[in-house]
Amino acid sequence: MNRRDAAGFKGNKQALPSKLCRSCGRPMTWRKRWAKNWDQVLYCSTACRQAAHPRSPA
């Protein structure tokens, strides 16, 4: 999604791209703060990211 697409948003959330969270499978809708790295967004939340990559004991 480029700047022109975001400028043409006008409140129609169905027109925004979406994808599924890699951990829980919930749909994630594009957010403006993800504009620069939408391709790298894999998880819907910090909890899902941490569940997918469990920390090793220190």
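- Labelled according to an unreviewed UniProt entry, the protein chain appears under the name DUF2256 domain-containing protein, originating from Duganella margarita.

### Section: the overall build of the protein chain
Part 1 of the reasoning: Counting its secondary structure elements, the protein chain contains 2 helices and 2 strands.
Part 2 of the reasoning: When the elements of the protein chain are put in sequence order from the N terminus, they spell out α-β-β-α.
Part 3 of the reasoning: In the protein chain, which comprises 58 residues, the proportion classed as buried is 16%.
Part 4 of the reasoning: Long-range pairs, those at least 24 residues apart, make up 12% of the contacts in the protein chain with a sequence separation of at least 6.
Part 5 of the reasoning: Looking at the protein chain as shown, the accessible area adds up to about 5,200 Å², and 48% of this sits on carbon and sulfur atoms.

### Some words on the environment of Val-41
Part 1 of the reasoning: Relative to the helices and strands, Val-41 is located in the loop between strand 2 (27-29) and helix 2 (46-52).
Part 2 of the reasoning: On the basis of relative accessibility, which here comes to 8%, the residue Val-41 falls in the buried class.
Part 3 of the reasoning: Each C-alpha atom, one on Val-41 and one on Trp-30, is 9.6 Å from the other, the two residues being 11 residues apart in sequence.
Part 4 of the reasoning: Every residue in contact with Val-41, bar those within four places of it in the chain, is listed here: Lys-19, Met-28 and Trp-34.

### As for the layout of surface pockets
Part 1 of the reasoning: Taken as a whole, the second largest pocket encloses approximately 170 Å³ of empty space.
Part 2 of the reasoning: Forming the walls of the second largest pocket are Arg-33, Trp-34, Asn-37, Gln-40, Val-41, Leu-42, Tyr-43, Cys-44, Ser-45, Thr-46 and Arg-49.
Part 3 of the reasoning: Split into classes, the residues belonging to the lining of the second largest pocket amount to 5 nonpolar, 4 polar and 2 charged.

Analysis parameters
- In this convention, every chain numbers its residues from 1, walking through the sequence in written order.
- Per-residue local features are limited, in this predicted model, to residues with pLDDT of at least 70; the limit for side-chain atom pairs, both in listing and counting, is 80 or more; totals at the level of whole chains, interfaces and linings are taken over all residues.
- Computation of side-chain values covers all heavy atoms of the structure but excludes hydrogens and water.
- A run of H or I in DSSP counts as a helix once it spans at least four residues, and a run of E counts as a strand once it spans at least two, with each numbered from the N terminus.
- Only protein chains enter the accessibility calculation, which uses a 1.4 Å probe; a residue is then buried when its area is under 20% of its type maximum, exposed when over 50%, and partly exposed in between.
- Here, two residues are considered to be in contact whenever any of their heavy atoms come within 4.5 Å of each other.
- To be clear on the numbers: accessible area is Shrake-Rupley with a 1.4 Å probe, and residue cover counts the displayed protein chains and nothing else.
- Grid points spaced at 1 Å and placed over the protein atoms alone form the basis of the search, with a cavity being a set where a 1.4 Å probe fits but cannot get out and a pocket an open set showing protein on both sides within 12 Å along at least five of seven lines. Lining residues have an atom within 4 Å of a point.
- Grid points are joined across faces, edges and corners, and a volume is the space filled by probe spheres set on the points.
- Note on residue classes: Ala, Val, Leu, Ile, Met, Phe, Trp, Tyr, Cys and Pro are nonpolar, Asp, Glu, Lys and Arg are charged, and everything else, Gly too, is polar.

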